[in-house]
Structure formats: structure tokens, C-alpha cells
Amino acid sequence: MADDSARAAAEAAVAVAVEMGAFKPAITAAAAAAKASALAALAVWNTAGAAVIAAEAAYDKNWLSVMSDAKFLLSAKGEPVTQALSLLAQDLWQGVRRNPLINTWSSSSRKLELEGLSFWVDWYNRRLVGHATGFALSLENDLIIQSRLLEQDDEWWTKRDFVEVTAEIEGWVRELVAQERPDTLPEQNIYAITVKVPDEGPLILDSQAGADLLSHADQDQIRYLAAKEEAESLKTACLRSNAGGTLGRRLDQYLAAMGNDLSGIEPNMVVLYGQAIRDILTAQEVIKNKTADDDGYIPPLASDIILELQMFRSAHNLMVVMDPELEKRDKALYGSNYQSVEISLTVIQQVIVEAGQSNIVDQNVQEAISDAAESAKTESEPQGQRYRFALESLRNVVKGVAAWAWKHKGPITAGSCGLYAAAQWVKSHQQWLLEVFADNPAMIEWVNKIASQPWL
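About the criteria used
Throughout this description, residue numbers start from 1 for each chain and increase along the sequence as written. In view of the model being predicted, local features appear only for residues whose pLDDT reaches at least 70, and side-chain atom pairs are presented and counted only at 80 or more, with totals across whole chains, interfaces and linings using the full set of residues. Heavy atoms throughout the structure, all of them, feed into the side-chain values; hydrogens and water do not. In this description a helix means any DSSP run of H or I spanning at least four residues, a strand means any run of E spanning at least two, and both kinds are numbered starting from the N terminus. Throughout this description, buried means an accessible area under 20% of the type-specific maximum (1.4 Å probe, protein chains only), exposed means over 50%, and partly exposed covers the range between. Method for areas: the Shrake-Rupley scheme with a 1.4 Å probe, in which residue coverage is limited to the protein chains shown. Only residues whose relative accessible area exceeds 30% and that take part in no salt bridge are eligible for patches, with like-charged residues grouped when within 9 Å of each other and nonpolar side chains (Val, Leu, Ile, Met, Phe, Trp, Tyr) grouped when within 5 Å. Counted as salt bridges are all cases of a side-chain nitrogen of Lys or Arg within 4 Å of a carboxyl oxygen of Asp or Glu. Note on definitions: a residue-residue contact is assigned when non-hydrogen atoms from the two residues lie within 4.5 Å. With a 1 Å grid spanning the protein atoms alone, the term cavity applies to any set of points in which a 1.4 Å probe fits but cannot get out, the term pocket to an open set with protein on both sides within 12 Å along at least five of seven lines, and the term lining residue to any residue with an atom within 4 Å of a point. Grid points are joined across faces, edges and corners, and a volume is the space filled by probe spheres set on the points. Gly is put with the polar residues, along with every residue not named as nonpolar or charged; the nonpolar set is Ala, Val, Leu, Ile, Met, Phe, Trp, Tyr, Cys and Pro, and the charged set is Asp, Glu, Lys and Arg. In this text, buried Ala, Val, Leu, Ile, Met, Phe, Trp, Tyr and Cys residues form a nonpolar core when linked through side-chain atoms within 4.5 Å. Each helix should span, by expectation, one fewer than its residue count multiplied by 1.5 Å. We call Phe, Tyr and Trp rings a pair once their centres come within 6.5 Å, taking the six-membered ring for Trp, and we label the pair stacked below 30 degrees between planes, edge-to-face above 60, and tilted otherwise.

### Let's talk about the overall build of the protein chain
Now for step 1: When helices and strands are tallied, the protein chain shows 20 helices and two strands.
Now for step 2: With 456 residues in all, the protein chain has 46% of them scored as buried.
Now for step 3: A total accessible area of about 23100 Å² is found for the protein chain, and carbon and sulfur atoms account for 53% of it.

Next up, the structure:
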């Protein structure tokens, strides 16, 4: 049986380690890993049967890799522990062109996940890619799990249902994950684009963050309705003239953010897309005296649309400036302690696109941050209010990644929403993120911590 073979292998490994003078933690880790391997193997056998066993060709490649490991150990110098650590630093599949188990396992693992065995699928995925730890934990805490496994007697393993055993092990892992999580993660700035962590999937927009702080007095209601009516009138003018494709899209975004009434408004999105519509009018005013041959020339909009744009701008400005909560967003008023940093707007867009490609943020977050950076490019003032809004929005995303990564800590399967994807993204932008959070010690600590995880 798989369990008996694994246990015999573990006992043999312990005997050899004792004979060679290896230290106790290494013995514990080896034996516990063998027993955990047996448990995972039994789960695979009981649920997927022969479909999970690799083909005979893969079997030959497995032995070729094992023989490469043996040759490495025979040629290695130094104490046994040093030799073992040196071996761990090598590629997992030596002597073969690629991991021979991947194809068979990738199809079988999906079936196992559907049968509720994702915990062990994640564990086995970590082993396949050669991570130093069985679970997404620090080396110290992973060793604690392995030690606990080794301490259990035969009755604990064999007299209980497999689901019950798995649930208990998973509980141990969750406890240690909670201990590794920072006590507090910096709060997001509600006066820029904010994100939230869903139960499943990537980060999404927290569109109504801070909406409860807006004034709902009668005059505020009147100004809100005026801005909304002007936006709808402008949209009608665009449809009537069959012009202004970009303007029409921005108006759709603005009206969606306005909601059905003031209680449903999305403050940050209203400010973002209100500014985008202002930018269109500004561009039209700039080209008044230009011809088609001049640099920066764009086709002019019809005079009636320009008039509607001006009326919209007035109504939107009045709504924003008369509510301090909206004005803080519109002018990026972040207080005297706010510290800006000089980061290229193109880099901001590139970073958020990569976050979207890694499935860390959804498409709406990616588009909103990119739009904020694009709007900032029209500013004449270096690091002006649009720049500060875009930068602070990206900072909010990174703070969201911190919370999201720890909430979903564990899975490393391709395309998964777990700590692995977030950590890879953070690590690839570590230096840049340290500059972005130069004034925030807590975030600097988090960036450095997640980028230095041993399982990356």
C-alpha cells in the first residue's frame, strides 16, 4: 500500500539521517513529509484511481531524475546537512527536459478539486514545482505542521474518515496563516479610487467608499439632479449629431456612477469621469485656432455639443465644489502630511495592467486606474491634483493586494487568486513599490516581507 511504502521510506530516511549525524529538524521534516505524501497519495488513489498515475514513459523519467539526485549527492562535499541543503537548491527535475507529471496531473487535479480535495491539490502543486514548503507558510511554520503530522499515532491516521483528517490539518494551517498575517494593514484613502476584497476572485472596485459622508441636504439634491440632467442632455446631443464617440462613452460611465439618486452615487467614479469629460472640453477649446496640419489637432465637435459641454461643466463643478467630500476627491486634498513621489504615469498604467493580467485586479479596477493616469497626463502642473489622485489610487490597490493576498493565502494553481500571484507581482515591482510607500513604514515592511517569502 502507498501508506506502508511511504512509512517504510520515512523510517529508512530517519535511520540514514541518524547514522550520518543529521540534525533532528531535518529528520522530522523528512518523515512528516513522507507521511503527508502518503496521505495525499491515498486521496488521489481513492478518488481518481488509475487516471492519476503517470504513464510508463513518465515513470522512466522519474527514475532518471532520482538518479541525477543520487549522483549529485555522491559528488557533493561537506557535512550531510550541507549536502541535503545543496540538493534542495537544485532544480526539482534534473536530467529531464521538463516535469513529466504535469500533463497527467493537470487534468486529474481539476477532477479532484471538484470532489472537494483542493487543499491537497494545492499541497501537491507546491511539491511539483519544487517549493521548499508544503504549505504557503514560512519555513518555520511549515516545519511545525510537519512535526504535528509526525506526532500523530496510527489511530489518528487510520481510524477516522479522510475528510475529518484533512479538515483538522487544514485548520492547523489556517491558524498559522492567521499568525503570519500583519496585525493591521494600512487603510485605503477613501478620497481616491478604492478597492475591496471579494470572497472569491480578484480585487474589485469599492465604488461607494465614503458615499455615506456626502451631504444629502435639499440644496445638495438639487445640485445633484442638475448635474445629472446636464449629462443626460449632453448625451442626447451626442446621439443626435452622431458625433463624440469618446465623449459618449465617458458620459455613460459618468451617469452609471451617478446612480439612480444621490444615495446611490459612486463619489470617486463621478469625480474621475467628470474630470475626463472636462478634459474633452478643454481639448476642444485648445484647438480653436488650430488647423488640421498643426500638432495636437483633433476634429472639432459641433457647436451645440460644445455648448452642452460647457453647461455640463458648470453643473458638475457646482455639485463638486459645494460638497467638501467631493471636493477633496476632485482636488486631491490629502492634507499637509501627504507625501507625493515622482513616478511616471506610464509606469502606473503598466503596473496596473500587469496586475490585471495576473488576475489580481478585475478589468474595472484596471480601467479606472489607467483612466486616472491618462487624465493626469493632461495636467500642466507637475504632480498636480490629477497626478496625486492617480498615485493615491494605485497605492490603494497595493493596500488592497496586501489584504487580498493574506485572505486568499494558499492556492498556487495557474490562474488562481492566491498569495502566490500577488507575491510574484509585488516581488517584480519591489523597488518601485518601496518608492511609492516611502512615507509608510507599515507598507514598506509588508512589501519586503511578501517579496522575501521562501516559496517564491
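That shown, we press on.
### Section: a nonpolar patch on the surface
Now for step 1: A surface patch of nonpolar side chains, about 250 Å² in accessible area, is lined by Leu318, Val321 and Met322.
Now for step 2: Relative to the elements of secondary structure, Met322 occurs in the loop between helix 13 (303–321) and helix 14 (324–330).
Now for step 3: On the accessibility criterion, Met322 (43% relative accessible area) is partly exposed.

### A word on the side chain of Asp362
Now for step 1: Residue placement: Asp362 occurs in the loop between helix 15 (345–357) and helix 16 (363–376).
Now for step 2: Contacts of Asp362, omitting those with residues within four sequence positions, involve Pro202, Leu203 and Ile204.

### A closer look at the pattern of salt bridges
Now for step 1: A full pass over the atoms with the stated rule returns 13 salt bridges.
Now for step 2: Between Arg223 and Asp220 there is a salt bridge whose closest N-O contact spans 3.0 Å. Placement of the pair is Arg223 and Asp220 together in helix 10 (residues 218–241), with a separation of three residues, close to one helical turn.
Now for step 3: Note on Arg223: relative accessible area 15%, which makes it buried.
Now for step 4: A relative accessible area of 10% means that Asp220 is categorised as buried.

### Topic: the layout of surface pockets
Now for step 1: Put simply, the second largest pocket is a space of about 530 Å³.
Now for step 2: Lining the second largest pocket are 23 residues, with Ala276, Asp279, Ile280, Ala283 and Thr378 sitting closest to its centre.
Now for step 3: Elements with a minimum of two residues in the lining of the second largest pocket: helix 11 (245–258), helix 12 (267–286) and helix 16.
Now for step 4: Broken down by element, the residue count for the lining of the second largest pocket peaks at 11 residues, all from helix 12.
Now for step 5: Class assignment of the residues belonging to the lining of the second largest pocket gives a composition of 10 nonpolar, seven polar and six charged.

### Things to note about the environment of Gln208
Now for step 1: By secondary structure assignment, the location of Gln208 is in the loop between strand 2 (204–205) and helix 10.
Now for step 2: Remark: the alpha-carbon pair of Gln208 and Ala257, spanning 49 residues in sequence, is separated by 9.1 Å.
Now for step 3: Residues within four places of Gln208 in sequence aside, it is in contact with Ser263, Gly264, Ile265, Glu266 and Pro267.

### Considerations on empty space enclosed by the protein
Now for step 1: A complete count under the given rule lists three cavities of 30 Å³ or more for this structure.
Now for step 2: Of the voids in this model, the largest cavity is the one considered here, and its volume is about 60 Å³.
Now for step 3: In terms of lining, the largest cavity is formed by Leu214, Ser215, Asp220, Arg223, Tyr224, Leu262, Met319, Asp323 and Leu326.
Now for step 4: A total of three residues in the lining of the largest cavity trace back to one element, the largest contributor, which is helix 10.
Now for step 5: When grouped by side-chain class, the residues that make up the lining of the largest cavity number five nonpolar, one polar and three charged.

### Things to note about the nonpolar core
Now for step 1: Counting residues in each nonpolar core, the largest one holds 75 residues, and the members touching the most others are Leu247, Tyr254 and Leu309.
Now for step 2: For this core, the element with the most residues is helix 17 (residues 385–407), which contributes 10 residues.
Now for step 3: Residues in contact with Tyr254, not counting those within four places in the same chain, are Ala227, Ala231, Val270, Tyr273, Gly274, Ile277, Phe312, His316 and Met319.
Now for step 4: Residues Leu117, Phe135, Ile145 and Leu149 belong to the second largest nonpolar core, which totals 19 residues.

### Remarks on unusual backbone geometry
Now for step 1: Backbone geometry places Ala332, a non-glycine residue, at a positive phi of 50°.
Now for step 2: When you line up the elements, Ala332 lands in the loop between helix 14 and helix 15.
Now for step 3: The class for Ala332 is buried, based on a relative accessible area of 3%.

### What about helix 12?
Now for step 1: Taking 1.5 Å per residue as the helical rise, helix 12 with its 20 residues ought to reach 28 Å, and the 29 Å between its terminal C-alpha atoms agrees with that figure.
Now for step 2: A large share of helix 12 lies buried, amounting to 16 of its 20 residues.

### Focus on the environment of Asp439
Now for step 1: Relative to the helices and strands, Asp439 is located in the loop between helix 19 (430–436) and helix 20 (441–451).
Now for step 2: Separated by 102 residues in sequence, Asp439 and Asn337 place their C-alpha atoms 9.5 Å apart.
Now for step 3: Those residues in contact with Asp439, other than ones at most four positions away along the chain, are Gln339 and Arg395.

### As for the packing of aromatic side chains
Now for step 1: Overall, the coordinates contain six aromatic pairs when judged by the stated rule.
Now for step 2: Note on Phe119 and Trp120: the rings are 5.1 Å apart at their centroids and 75° apart in plane angle, and the pair reads as edge-to-face.
Now for step 3: Of the residues examined, Phe119 reaches a relative accessible area of 12% and is grouped as buried.
Now for step 4: Relative to Phe135, the ring of Phe119 lies with its centre 5.6 Å away and its plane at 25°, an arrangement referred to as stacked. Taken together, the residues Phe119 in helix 6 (residues 118–129) and Phe135 in the loop between helix 6 and helix 7 (139–151) connect sequence positions 16 residues apart.
Now for step 5: Residue Phe135 is classed as buried on the basis of its relative accessible area, which comes to 6%.
Now for step 6: Taken together, the aromatic side chains of Phe119, Trp120, Trp123 and Phe135 make up a single cluster linked through ring pairs.

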